[in-house]
Amino acid sequence: MTLWGGRFSQKLDDLAWTLNASLPVDQRMALQDVDGSLAWADAIHKAGILSDEEHGQITRGLAAVREEFASGRFSFVPSDEDIHTAVERRLGELIGAAAGKLHTGRSRNDQVATDFRLWMLQAIPELDAALKDLQSALVEQAELAGETLMPGYTHLQRAQPILLAHWWLSHFHPLQRDRQRLADLTKRVSVLPLGCGALAGTSVPVDRAALAESLGFAEPAPNSLDAVSDRDFAAEFLFCAAMTGVHLSKLAEQIVLYASAEFGFFELSDAYSTGSSLMPQKKNPDVFELTRGKAGALLGLLTGLLATLKGLPSTYDKDLQEDKAPVFQAVDALLMILPVLAGALRTIAAKPERMRAAIDSFMMATDLADYLVGKGIPFRETHAIAGKAVRAAAEKGIGLDQMPLEAYQALSPAFEADVYQVFDPLESVKRRNAIGGASPQSVKNQITQITNRQLSKGEKSCLQ
Ligand code: ARG
(Lines give C-alpha, C1' and ligand atoms only; values in the text may rest on other atoms or scores of the structure.)
Protein backbone atom coordinates (compact mmCIF):
# COMPACT_ATOMS: atom_id res chain seq x y z
CA MET A 1 0.00 0.00 0.00
CA THR A 2 1.28 3.44 -0.92
CA LEU A 3 0.46 6.49 1.17
CA TRP A 4 -1.24 8.15 -1.79
CA GLY A 5 -3.33 5.61 -3.75
CA GLY A 6 -6.79 7.20 -3.36
CA ARG A 7 -7.05 9.24 -6.54
CA PHE A 8 -5.43 6.66 -8.86
CA SER A 9 -7.22 3.98 -10.86
CA GLN A 10 -4.10 2.22 -12.20
CA LYS A 11 -1.02 1.05 -10.39
CA LEU A 12 2.33 2.70 -11.10
CA ASP A 13 4.42 1.10 -13.86
CA ASP A 14 7.03 -1.24 -12.33
CA LEU A 15 10.08 0.58 -13.63
CA ALA A 16 8.58 3.96 -12.75
CA TRP A 17 8.03 2.56 -9.26
CA THR A 18 11.70 1.63 -9.00
CA LEU A 19 12.74 5.06 -10.22
CA ASN A 20 10.42 6.75 -7.76
CA ALA A 21 11.20 4.64 -4.70
CA SER A 22 13.85 6.04 -2.40
CA LEU A 23 13.99 3.29 0.20
CA PRO A 24 17.41 1.94 -0.89
CA VAL A 25 18.87 5.33 0.02
CA ASP A 26 16.68 6.72 2.76
CA GLN A 27 16.48 3.58 4.90
CA ARG A 28 19.66 4.92 6.51
CA MET A 29 17.42 7.47 8.20
CA ALA A 30 15.19 4.84 9.84
CA LEU A 31 15.96 5.78 13.45
CA GLN A 32 15.63 9.49 12.67
CA ASP A 33 12.27 8.84 10.99
CA VAL A 34 10.99 7.02 14.08
CA ASP A 35 12.33 9.72 16.42
CA GLY A 36 10.69 12.45 14.34
CA SER A 37 7.42 10.50 14.42
CA LEU A 38 7.60 10.04 18.19
CA ALA A 39 8.03 13.80 18.63
CA TRP A 40 5.22 14.47 16.16
CA ALA A 41 2.91 12.08 18.03
CA ASP A 42 3.61 14.01 21.25
CA ALA A 43 2.97 17.34 19.51
CA ILE A 44 -0.37 16.35 17.97
CA HIS A 45 -1.41 14.67 21.22
CA LYS A 46 -0.81 17.96 23.05
CA ALA A 47 -2.75 19.71 20.27
CA GLY A 48 -5.76 17.46 20.95
CA ILE A 49 -5.59 15.30 17.80
CA LEU A 50 -4.68 12.07 19.57
CA SER A 51 -6.47 10.76 22.66
CA ASP A 52 -4.30 9.59 25.54
CA GLU A 53 -4.97 6.02 24.51
CA GLU A 54 -4.07 6.56 20.85
CA HIS A 55 -0.95 8.44 21.87
CA GLY A 56 0.06 5.59 24.16
CA GLN A 57 -0.52 3.02 21.40
CA ILE A 58 1.44 5.02 18.82
CA THR A 59 4.31 5.71 21.20
CA ARG A 60 4.63 2.09 22.24
CA GLY A 61 4.28 0.94 18.64
CA LEU A 62 6.97 3.32 17.42
CA ALA A 63 9.26 2.23 20.24
CA ALA A 64 8.81 -1.36 19.03
CA VAL A 65 9.56 -0.32 15.43
CA ARG A 66 12.65 1.52 16.63
CA GLU A 67 13.80 -1.59 18.45
CA GLU A 68 13.30 -3.66 15.27
CA PHE A 69 15.52 -1.26 13.34
CA ALA A 70 18.13 -1.04 16.09
CA SER A 71 18.42 -4.83 16.33
CA GLY A 72 18.35 -5.40 12.57
CA ARG A 73 15.09 -7.36 12.77
CA PHE A 74 12.96 -4.94 10.74
CA SER A 75 11.71 -6.45 7.47
CA PHE A 76 10.88 -4.24 4.52
CA VAL A 77 8.16 -5.25 2.06
CA PRO A 78 8.07 -4.51 -1.69
CA SER A 79 5.43 -1.80 -1.28
CA ASP A 80 7.67 0.27 1.04
CA GLU A 81 8.22 3.26 -1.25
CA ASP A 82 10.42 5.08 1.22
CA ILE A 83 11.40 4.93 4.88
CA HIS A 84 8.36 6.99 5.93
CA THR A 85 6.00 4.50 4.28
CA ALA A 86 7.84 1.57 5.83
CA VAL A 87 7.61 2.96 9.35
CA GLU A 88 3.92 3.83 9.04
CA ARG A 89 3.12 0.45 7.46
CA ARG A 90 4.84 -1.43 10.26
CA LEU A 91 3.20 0.73 12.91
CA GLY A 92 -0.19 -0.17 11.41
CA GLU A 93 0.66 -3.88 11.55
CA LEU A 94 1.59 -3.54 15.22
CA ILE A 95 -1.16 -1.29 16.56
CA GLY A 96 -3.94 -1.20 13.97
CA ALA A 97 -6.15 1.75 13.08
CA ALA A 98 -4.60 4.31 15.44
CA ALA A 99 -1.47 4.29 13.26
CA GLY A 100 -3.50 6.08 10.60
CA LYS A 101 -3.73 9.17 12.80
CA LEU A 102 0.03 9.75 13.08
CA HIS A 103 0.35 11.56 9.76
CA THR A 104 -2.33 14.14 10.65
CA GLY A 105 -1.07 17.62 9.77
CA ARG A 106 2.23 16.29 8.50
CA SER A 107 3.60 15.75 4.98
CA ARG A 108 6.51 13.67 3.81
CA ASN A 109 7.93 16.99 2.65
CA ASP A 110 8.49 18.38 6.15
CA GLN A 111 9.14 14.87 7.42
CA VAL A 112 11.98 13.99 5.04
CA ALA A 113 13.71 17.33 5.56
CA THR A 114 13.51 16.74 9.31
CA ASP A 115 14.88 13.20 9.09
CA PHE A 116 17.74 14.37 6.90
CA ARG A 117 18.69 17.16 9.26
CA LEU A 118 18.51 14.79 12.26
CA TRP A 119 20.76 12.38 10.40
CA MET A 120 23.28 15.10 9.69
CA LEU A 121 23.23 16.28 13.29
CA GLN A 122 24.55 12.86 14.31
CA ALA A 123 26.96 12.47 11.36
CA ILE A 124 28.75 15.81 11.85
CA PRO A 125 30.12 14.98 15.33
CA GLU A 126 31.35 11.60 14.01
CA LEU A 127 33.21 13.36 11.25
CA ASP A 128 34.54 15.93 13.66
CA ALA A 129 35.92 13.18 15.89
CA ALA A 130 37.66 11.53 12.92
CA LEU A 131 39.17 14.87 11.85
CA LYS A 132 40.30 15.50 15.41
CA ASP A 133 42.03 12.13 15.56
CA LEU A 134 43.88 12.87 12.33
CA GLN A 135 44.92 16.20 13.82
CA SER A 136 46.24 14.34 16.87
CA ALA A 137 48.31 12.09 14.60
CA LEU A 138 49.84 15.19 12.98
CA VAL A 139 50.65 16.77 16.34
CA GLU A 140 52.19 13.51 17.59
CA GLN A 141 54.46 13.46 14.54
CA ALA A 142 55.32 17.13 15.05
CA GLU A 143 56.33 16.42 18.65
CA LEU A 144 58.35 13.40 17.56
CA ALA A 145 60.18 15.45 14.92
CA GLY A 146 61.90 17.70 17.50
CA GLU A 147 64.43 19.89 15.69
CA THR A 148 64.64 17.73 12.55
CA LEU A 149 65.36 19.94 9.57
CA MET A 150 63.93 19.54 6.10
CA PRO A 151 63.98 21.58 2.92
CA GLY A 152 61.00 23.87 2.43
CA TYR A 153 59.81 24.39 -1.15
CA THR A 154 58.01 27.02 -3.16
CA HIS A 155 57.14 26.23 -6.79
CA LEU A 156 58.47 22.78 -5.78
CA GLN A 157 61.96 24.36 -5.90
CA ARG A 158 64.24 24.29 -2.87
CA ALA A 159 63.53 27.51 -1.00
CA GLN A 160 64.48 27.73 2.70
CA PRO A 161 65.14 25.21 5.44
CA ILE A 162 62.24 24.52 7.79
CA LEU A 163 61.52 22.22 10.69
CA LEU A 164 59.79 18.94 9.89
CA ALA A 165 57.53 19.70 12.87
CA HIS A 166 56.44 22.96 11.22
CA TRP A 167 55.59 21.04 8.07
CA TRP A 168 53.47 18.50 9.96
CA LEU A 169 51.60 21.30 11.70
CA SER A 170 50.97 23.06 8.39
CA HIS A 171 48.56 20.21 7.72
CA PHE A 172 46.94 20.52 11.15
CA HIS A 173 45.52 24.01 10.68
CA PRO A 174 43.51 23.38 7.49
CA LEU A 175 41.75 20.56 9.34
CA GLN A 176 41.05 22.96 12.20
CA ARG A 177 39.32 25.28 9.76
CA ASP A 178 37.37 22.30 8.41
CA ARG A 179 36.17 21.55 11.92
CA GLN A 180 35.22 25.18 12.52
CA ARG A 181 33.23 25.11 9.29
CA LEU A 182 31.35 22.00 10.43
CA ALA A 183 30.61 23.61 13.80
CA ASP A 184 29.28 26.70 12.07
CA LEU A 185 27.23 24.63 9.64
CA THR A 186 25.60 22.84 12.58
CA LYS A 187 23.72 26.07 13.43
CA ARG A 188 22.03 26.00 10.04
CA VAL A 189 21.31 22.27 10.15
CA SER A 190 19.67 22.74 13.53
CA VAL A 191 16.51 24.40 12.14
CA LEU A 192 13.34 22.28 12.27
CA PRO A 193 11.11 21.87 9.17
CA LEU A 194 8.56 19.60 10.92
CA GLY A 195 5.23 21.35 11.35
CA CYS A 196 5.47 23.07 7.96
CA GLY A 197 3.24 20.49 6.26
CA ALA A 198 3.51 20.00 2.51
CA LEU A 199 4.32 23.67 1.90
CA ALA A 200 1.82 25.99 3.56
CA GLY A 201 2.19 24.99 7.20
CA THR A 202 0.17 22.59 9.35
CA SER A 203 -3.47 23.07 10.26
CA VAL A 204 -2.88 21.32 13.58
CA PRO A 205 -2.12 23.88 16.30
CA VAL A 206 1.21 22.34 17.29
CA ASP A 207 3.75 24.19 19.41
CA ARG A 208 6.62 24.13 16.94
CA ALA A 209 9.07 25.74 19.36
CA ALA A 210 8.48 22.92 21.86
CA LEU A 211 8.65 20.38 19.02
CA ALA A 212 12.02 21.79 17.95
CA GLU A 213 13.33 21.59 21.47
CA SER A 214 12.12 18.03 21.96
CA LEU A 215 14.05 16.90 18.87
CA GLY A 216 17.20 18.82 19.85
CA PHE A 217 16.87 21.54 17.20
CA ALA A 218 17.85 25.12 18.00
CA GLU A 219 14.72 26.63 16.45
CA PRO A 220 11.72 25.95 14.18
CA ALA A 221 12.03 27.07 10.54
CA PRO A 222 10.31 30.45 10.20
CA ASN A 223 8.84 30.01 6.69
CA SER A 224 7.08 26.83 5.59
CA LEU A 225 7.69 27.37 1.86
CA ASP A 226 11.41 27.76 2.45
CA ALA A 227 11.54 24.99 5.06
CA VAL A 228 10.40 22.17 2.75
CA SER A 229 12.82 23.14 -0.02
CA ASP A 230 15.87 24.41 1.86
CA ARG A 231 18.80 22.10 1.12
CA ASP A 232 21.48 24.75 1.69
CA PHE A 233 22.70 22.73 4.65
CA ALA A 234 23.33 19.70 2.39
CA ALA A 235 25.19 21.78 -0.20
CA GLU A 236 27.17 23.51 2.52
CA PHE A 237 28.05 20.17 4.01
CA LEU A 238 29.24 18.96 0.62
CA PHE A 239 31.41 22.06 0.35
CA CYS A 240 32.89 21.27 3.79
CA ALA A 241 33.52 17.70 2.65
CA ALA A 242 35.06 18.83 -0.65
CA MET A 243 37.31 21.32 1.14
CA THR A 244 38.44 18.60 3.54
CA GLY A 245 39.03 16.39 0.50
CA VAL A 246 41.25 19.07 -1.00
CA HIS A 247 43.23 19.36 2.25
CA LEU A 248 43.67 15.61 2.57
CA SER A 249 44.62 15.33 -1.09
CA LYS A 250 47.30 17.98 -0.71
CA LEU A 251 48.76 16.17 2.29
CA ALA A 252 48.53 12.84 0.45
CA GLU A 253 50.23 14.22 -2.66
CA GLN A 254 53.14 15.48 -0.58
CA ILE A 255 53.55 12.13 1.16
CA VAL A 256 53.48 10.30 -2.19
CA LEU A 257 56.19 12.62 -3.45
CA TYR A 258 58.30 12.52 -0.29
CA ALA A 259 58.06 8.73 -0.03
CA SER A 260 59.51 8.31 -3.53
CA ALA A 261 63.12 7.14 -3.90
CA GLU A 262 63.95 10.53 -5.43
CA PHE A 263 63.04 12.41 -2.24
CA GLY A 264 63.30 9.56 0.26
CA PHE A 265 62.08 11.75 3.13
CA PHE A 266 59.62 9.20 4.47
CA GLU A 267 59.26 5.45 4.62
CA LEU A 268 55.73 4.10 4.80
CA SER A 269 54.90 1.33 7.22
CA ASP A 270 54.22 -2.07 5.64
CA ALA A 271 50.81 -1.99 7.35
CA TYR A 272 49.80 0.92 5.17
CA SER A 273 51.45 0.16 1.83
CA THR A 274 50.76 -2.32 -0.89
CA GLY A 275 52.83 -4.27 -3.38
CA SER A 276 52.81 -4.86 -7.11
CA SER A 277 51.60 -8.09 -8.68
CA LEU A 278 54.45 -7.86 -11.19
CA MET A 279 57.34 -5.93 -9.66
CA PRO A 280 58.53 -7.59 -6.46
CA GLN A 281 60.44 -4.54 -5.23
CA LYS A 282 57.46 -2.17 -5.21
CA LYS A 283 56.02 -0.60 -2.07
CA ASN A 284 53.17 1.61 -3.13
CA PRO A 285 51.52 4.48 -1.24
CA ASP A 286 47.99 3.36 -2.22
CA VAL A 287 46.39 4.79 0.91
CA PHE A 288 47.58 8.26 -0.01
CA GLU A 289 46.79 7.86 -3.70
CA LEU A 290 43.25 6.73 -2.87
CA THR A 291 42.85 9.74 -0.59
CA ARG A 292 43.92 11.96 -3.48
CA GLY A 293 41.60 10.07 -5.83
CA LYS A 294 38.54 10.19 -3.58
CA ALA A 295 38.94 13.96 -3.20
CA GLY A 296 38.02 14.26 -6.88
CA ALA A 297 34.74 12.45 -6.28
CA LEU A 298 33.99 14.71 -3.30
CA LEU A 299 34.25 17.80 -5.51
CA GLY A 300 31.85 16.15 -7.96
CA LEU A 301 29.26 15.51 -5.25
CA LEU A 302 29.14 19.21 -4.42
CA THR A 303 28.74 20.37 -8.00
CA GLY A 304 26.18 17.62 -8.61
CA LEU A 305 23.89 18.76 -5.81
CA LEU A 306 24.26 22.44 -6.68
CA ALA A 307 23.21 21.60 -10.22
CA THR A 308 20.18 19.71 -8.88
CA LEU A 309 19.13 22.69 -6.74
CA LYS A 310 19.71 25.30 -9.41
CA GLY A 311 16.54 26.24 -11.25
CA LEU A 312 14.06 24.46 -8.96
CA PRO A 313 10.88 26.41 -8.39
CA SER A 314 9.83 27.20 -4.85
CA THR A 315 8.94 24.52 -2.22
CA TYR A 316 9.24 20.75 -2.61
CA ASP A 317 10.12 19.20 -5.97
CA LYS A 318 10.92 15.53 -6.38
CA ASP A 319 14.40 16.46 -7.62
CA LEU A 320 15.12 17.02 -3.94
CA GLN A 321 15.02 13.27 -3.39
CA GLU A 322 18.47 13.30 -5.02
CA ASP A 323 19.92 15.24 -2.05
CA LYS A 324 20.69 12.40 0.32
CA ALA A 325 22.83 10.03 -1.74
CA PRO A 326 25.67 12.56 -2.29
CA VAL A 327 25.72 13.50 1.39
CA PHE A 328 25.79 9.86 2.47
CA GLN A 329 28.55 9.15 -0.06
CA ALA A 330 30.63 12.07 1.17
CA VAL A 331 30.26 11.05 4.81
CA ASP A 332 31.11 7.42 3.97
CA ALA A 333 34.17 8.42 1.93
CA LEU A 334 35.54 10.66 4.67
CA LEU A 335 34.83 8.20 7.48
CA MET A 336 36.65 5.59 5.41
CA ILE A 337 39.68 7.75 4.59
CA LEU A 338 40.26 9.64 7.83
CA PRO A 339 41.01 6.76 10.24
CA VAL A 340 43.22 5.01 7.67
CA LEU A 341 45.16 8.21 7.06
CA ALA A 342 45.58 8.72 10.80
CA GLY A 343 47.00 5.20 11.10
CA ALA A 344 49.26 5.64 8.08
CA LEU A 345 50.65 8.91 9.45
CA ARG A 346 51.18 7.54 12.95
CA THR A 347 53.33 4.74 11.52
CA ILE A 348 55.28 6.64 8.87
CA ALA A 349 59.04 6.90 9.49
CA ALA A 350 60.82 10.18 8.78
CA LYS A 351 64.35 10.01 7.33
CA PRO A 352 66.11 13.02 8.90
CA GLU A 353 69.42 12.29 7.17
CA ARG A 354 67.78 12.37 3.72
CA MET A 355 65.98 15.58 4.59
CA ARG A 356 69.18 17.17 5.88
CA ALA A 357 71.10 16.05 2.77
CA ALA A 358 68.56 17.83 0.57
CA ILE A 359 69.32 21.17 2.22
CA ASP A 360 72.08 22.88 0.26
CA SER A 361 73.87 26.13 1.06
CA PHE A 362 71.97 28.00 -1.65
CA MET A 363 68.86 27.67 0.52
CA MET A 364 70.58 30.10 2.89
CA ALA A 365 70.98 32.80 0.21
CA THR A 366 68.28 34.86 1.96
CA ASP A 367 70.29 34.57 5.18
CA LEU A 368 73.32 35.82 3.27
CA ALA A 369 71.37 38.90 2.20
CA ASP A 370 70.09 39.31 5.78
CA TYR A 371 73.72 39.10 7.04
CA LEU A 372 74.60 42.21 5.04
CA VAL A 373 71.38 43.89 6.24
CA GLY A 374 72.85 43.34 9.71
CA LYS A 375 75.87 45.38 8.53
CA GLY A 376 73.57 48.29 7.67
CA ILE A 377 73.15 47.75 3.90
CA PRO A 378 69.57 48.12 2.52
CA PHE A 379 67.89 44.77 1.66
CA ARG A 380 67.41 45.63 -2.02
CA GLU A 381 71.22 45.97 -2.40
CA THR A 382 72.03 42.95 -0.25
CA HIS A 383 69.60 40.84 -2.31
CA ALA A 384 71.55 41.78 -5.46
CA ILE A 385 74.92 41.06 -3.82
CA ALA A 386 73.73 37.67 -2.53
CA GLY A 387 72.41 36.96 -6.02
CA LYS A 388 75.84 37.63 -7.49
CA ALA A 389 77.38 35.31 -4.90
CA VAL A 390 74.93 32.59 -5.95
CA ARG A 391 75.86 33.07 -9.62
CA ALA A 392 79.60 33.01 -8.87
CA ALA A 393 79.33 29.82 -6.78
CA ALA A 394 77.08 28.11 -9.31
CA GLU A 395 79.49 28.97 -12.15
CA LYS A 396 82.35 27.40 -10.20
CA GLY A 397 80.19 24.40 -9.33
CA ILE A 398 80.64 24.91 -5.58
CA GLY A 399 78.35 25.70 -2.69
CA LEU A 400 77.97 29.16 -1.15
CA ASP A 401 79.71 27.80 1.92
CA GLN A 402 82.74 26.83 -0.21
CA MET A 403 83.35 30.27 -1.70
CA PRO A 404 86.57 31.82 -0.34
CA LEU A 405 86.27 34.94 1.82
CA GLU A 406 88.13 37.01 -0.78
CA ALA A 407 85.46 36.20 -3.35
CA TYR A 408 82.80 37.48 -0.92
CA GLN A 409 84.81 40.57 -0.09
CA ALA A 410 85.19 41.31 -3.80
CA LEU A 411 81.36 41.53 -3.91
CA SER A 412 81.11 43.67 -0.74
CA PRO A 413 83.72 44.85 1.76
CA ALA A 414 81.14 44.34 4.50
CA PHE A 415 81.68 40.54 4.39
CA GLU A 416 83.80 39.23 7.27
CA ALA A 417 85.01 35.80 8.36
CA ASP A 418 81.80 35.21 10.38
CA VAL A 419 79.80 35.06 7.11
CA TYR A 420 80.11 31.24 7.04
CA GLN A 421 77.86 30.99 10.10
CA VAL A 422 74.85 31.89 7.97
CA PHE A 423 75.09 28.55 6.17
CA ASP A 424 74.08 26.57 9.23
CA PRO A 425 70.45 25.60 8.42
CA LEU A 426 69.45 25.23 12.07
CA GLU A 427 70.67 28.78 12.74
CA SER A 428 68.72 29.91 9.67
CA VAL A 429 65.55 28.34 11.01
CA LYS A 430 66.15 29.79 14.48
CA ARG A 431 66.17 33.29 13.04
CA ARG A 432 62.57 32.86 11.87
CA ASN A 433 61.26 33.38 15.35
CA ALA A 434 58.22 35.62 14.95
CA ILE A 435 54.76 34.10 15.61
CA GLY A 436 54.02 31.50 12.92
CA GLY A 437 57.67 31.13 11.87
CA ALA A 438 59.72 27.93 11.49
CA SER A 439 61.99 28.44 14.52
CA PRO A 440 62.07 25.72 17.17
CA GLN A 441 60.72 28.17 19.76
CA SER A 442 57.96 29.34 17.49
CA VAL A 443 56.97 25.77 16.59
CA LYS A 444 57.01 24.84 20.27
CA ASN A 445 54.64 27.73 20.98
CA GLN A 446 52.42 26.52 18.15
CA ILE A 447 52.19 23.05 19.70
CA THR A 448 51.48 24.54 23.13
CA GLN A 449 48.73 26.68 21.69
CA ILE A 450 47.22 23.70 19.91
CA THR A 451 47.33 21.37 22.88
CA ASN A 452 46.70 23.65 25.86
CA ARG A 453 45.43 27.03 25.05
CA GLN A 454 42.32 28.49 23.49
CA LEU A 455 42.85 29.26 19.83
CA SER A 456 40.39 32.09 19.85
CA LYS A 457 37.80 33.43 22.23
CA GLY A 458 35.11 30.93 23.09
CA GLU A 459 36.87 28.09 21.29
CA LYS A 460 38.09 25.10 23.21
CA SER A 461 41.61 23.77 22.87
CA CYS A 462 41.79 22.13 19.46
CA LEU A 463 42.37 18.62 20.65
CA GLN A 464 39.78 18.52 23.44
N1 ARG B 1 11.34 10.24 -0.74
C2 ARG B 1 11.07 11.63 -0.72
C3 ARG B 1 12.36 12.45 -0.66
O4 ARG B 1 13.36 11.89 -0.33
C5 ARG B 1 10.19 11.97 0.42
C6 ARG B 1 9.31 13.14 0.19
C7 ARG B 1 8.28 12.78 -0.82
N8 ARG B 1 7.33 13.81 -0.98
C9 ARG B 1 6.39 13.77 -1.93
N10 ARG B 1 5.60 14.76 -1.99
N11 ARG B 1 6.34 12.79 -2.77
O12 ARG B 1 12.38 13.61 -0.96
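First, a word on scope: everything that follows refers to the structure included in this document.

Calculation notes
Residues numbered from 1 in each chain as written. Predicted model: local features only at pLDDT ≥ 70, side-chain atom pairs only at ≥ 80, totals over all residues. Heavy atoms only, no water. Helix = DSSP H or I, 4+ residues; strand = E, 2+ residues; numbered from the N terminus. Rg over C-alpha atoms; globule rule 2.2 N^0.38 Å. Contact = heavy atoms within 4.5 Å. Areas by Shrake-Rupley, 256 points an atom, 1.4 Å probe, with all protein chains shown as cover. Lys, Arg positive; Asp, Glu negative; His and termini not counted. Charge placed at Lys NZ, Arg CZ, Asp CG, Glu CD. Near = heavy atom within 4 Å. Polar contact = N/O pair within 3.5 Å; in protein donor to acceptor, adjacent residues only side chain to side chain. Phe/Tyr/Trp six-rings, centres within 6.5 Å; stacked < 30°, edge-to-face > 60°. Buried < 20%, exposed > 50% of the residue type's maximum accessible area, 1.4 Å probe, protein only. Lys NZ or Arg CZ within 6 Å of the ring centre and 35° of its normal. Pairing = 2+ DSSP bridges. Axes fitted to C-alpha atoms, helices over the stretch in contact; angles between N-to-C directions. Parallel < 35°, antiparallel > 145°, perpendicular 65-115°, else oblique. Left-handed = near helix turned anticlockwise from the far one by under 90°. Nonpolar A, V, L, I, M, F, W, Y, C, P; charged D, E, K, R; others polar.

**Remarks on the overall build of the protein**
Point 1. Along the protein, the regular secondary structure elements total 19 helices and six strands.
Point 2. Here the protein has a C-alpha radius of gyration of 31 Å; the compact-globule value for 464 residues is 23 Å, and the former is much larger.
Point 3. Across the protein, contacts joining residues at least 24 apart in sequence account for 74% of those joining residues at least 6 apart.
Point 4. Surface summary for the protein: the accessible area is close to 22200 Å², and the carbon and sulfur share equals 56%.
Point 5. For the protein, the centre of its 46 positive side-chain charges and the centre of its 57 negative side-chain charges are spaced 3 Å apart.

**Overview of the site of the ligand**
Point 1. Lining the immediate environment of the ligand, one finds Ser22, Asp26, Asp82, His84, Arg108, Asn109, Val112, Tyr316, Lys318, Gln321 and Lys324.
Point 2. In this structure, Ser22 approaches the ligand through a side-chain N or O atom, which is 2.9 Å from a nitrogen atom.
Point 3. Here Asn109 contributes a side-chain N or O atom positioned 2.9 Å from a nitrogen atom of the ligand.
Point 4. Broken down by element, the shell around the ligand gets its largest block of residues, three residues, from helix H6 (residues 108–145).

**Overview of the packing of aromatic side chains**
Point 1. Tallied over the full model, the rule gives 20 aromatic pairs.
Point 2. Between Tyr408 and Tyr420 the ring centres are 6.1 Å apart and the planes differ by 80°, which places this aromatic pair in the edge-to-face class. Of this pair, Tyr408 sits in helix H17 (residues 405–411) while Tyr420 is found in the loop between H17 and helix H18 (425–431), placing the two residues twelve residues apart along the sequence.
Point 3. Owing to a relative accessible area of 29%, Tyr420 belongs among the partly exposed residues under this scheme.
Point 4. The side chain of Arg7 reaches across the aromatic face of Phe8, ending 5.5 Å from its centre.

**What to know about the pairing of strand E2 (residues 157–163)**
Point 1. Relative to E2, strand E1 (residues 149–154) is paired through six bridges, and the arrangement is antiparallel. Pairing of Leu149 across the sheet is with Leu163, part of E2.

**Considering the packing of helix H3 (residues 30–46) against helix H5 (residues 83–95)**
Point 1. In the contact formed by H3 and H5, the axes pass within 10 Å of each other and the chain directions differ by 60°. Classified by the interaxial angle, the pair formed by H3 and H5 is oblique. Read as a crossing pair, H3 and H5 show a hand that is right-handed. In this structure, H3 uses Ala30, Asp33 and Val34 to contact H5, whose residues at the interface are Ile83, His84 and Val87.
Point 2. In terms of residue class, the contact of H3 with H5 is made up of four nonpolar, one polar and one charged.

**Description of unusual backbone geometry**
Point 1. For Leu156, which is not glycine, the phi torsion reads 60° and is therefore positive.
Point 2. Relative to the elements of secondary structure, Leu156 occurs in the loop between E1 and E2.
Point 3. Positive phi, close to 70°, is recorded for Thr315, a residue that is not glycine.
Point 4. Relative to the helices and strands, Thr315 resides in the loop between helix H12 (286–309) and helix H13 (324–346).

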